[in-house]
Amino acid sequence: MVDQFVGTWKMISSDNFDEYMKALGVGFATRQVGNRTKPNFILSVDNQGLISMKSQSTFKTTEVKFKLNESFEETTADDRKTTTVVSLENGKLVQKQTWDGKETTLERELNDGKLIATCRMGDVVAVRTYVKEA
């Protein structure tokens, strides 16, 4: 299942995130904060199989709880109201957000012990890399 993703992950790099936020329609001031913030990504699973994904920073903390392959309403860190589905595809945790006729995909995968989050909006791709905290 998603057990390999469970834990607290600390961001060590973020590439092209400003362009990704622009593609999402995020305003200038929010992008400035978003570019400076290095959130921790925390994933846990309860004994009912409910998955929790939390993005935690000094600026803002967001959390969603869901079951795989079931759509849910999400309010993103930049205040978009999305319908979101998270699935496990080829070992990747794939999060699809749709709103106002738009769609973005966030793929999280493990590579050499690092969590790589690839964010796609149209032809814009951002990559954020995390390491697991001990």
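Residues numbered from 1 in each chain as written. Predicted model: local features only at pLDDT ≥ 70, side-chain atom pairs only at ≥ 80, totals over all residues. Heavy atoms only, no water.

In the nomenclature of an unreviewed UniProt entry, the protein chain is known as Cytosolic fatty-acid binding proteins domain-containing protein of Silurus meridionalis. Regarding the protein chain, the UniProt comment filed under Sequence similarities (unreviewed entry) reads as follows: "Belongs to the calycin superfamily. Fatty-acid binding protein (FABP) family." (UniProt positions renumbered as here; feature names shortened; annotations may be inferred.)

K.L.:
How should I be thinking about the sheet that holds strand E5 (residues 72-75) in this particular structure?
P.N.:
The strands making up a sheet associate through hydrogen bonds between their backbones, and the pairing can be parallel or antiparallel. Read across the sheet, ten strands follow the order E4-E3-E2-E1-E10-E9-E8-E7-E6-E5 without closing on themselves; strand pairing throughout is antiparallel. Looking along the sheet, the strands with just one partner apiece sit at the ends: strand E4 (61-66) and E5. Across the sheet, the mean angle from the axis of one strand to that of its neighbour is 25°, orientation sign disregarded. When strand E8 (residues 102-111) meets strand E9 (residues 114-121), the two strands line up antiparallel, connected through seven bridges. Pairing of Arg108 across the sheet is with Ala117, part of E9. Here helix H1 (residues 17-24) sits on the sheet and contacts strand E1 (7-15), strand E7 (92-99), E8, E9 and strand E10 (124-132); the angle it forms with E10, its principal contact strand, is near 125°. (Pairing = 2+ DSSP bridges. Helix = DSSP H or I, 4+ residues; strand = E, 2+ residues; numbered from the N terminus. Axes fitted to C-alpha atoms, helices over the stretch in contact; angles between N-to-C directions. Contact = heavy atoms within 4.5 Å.)

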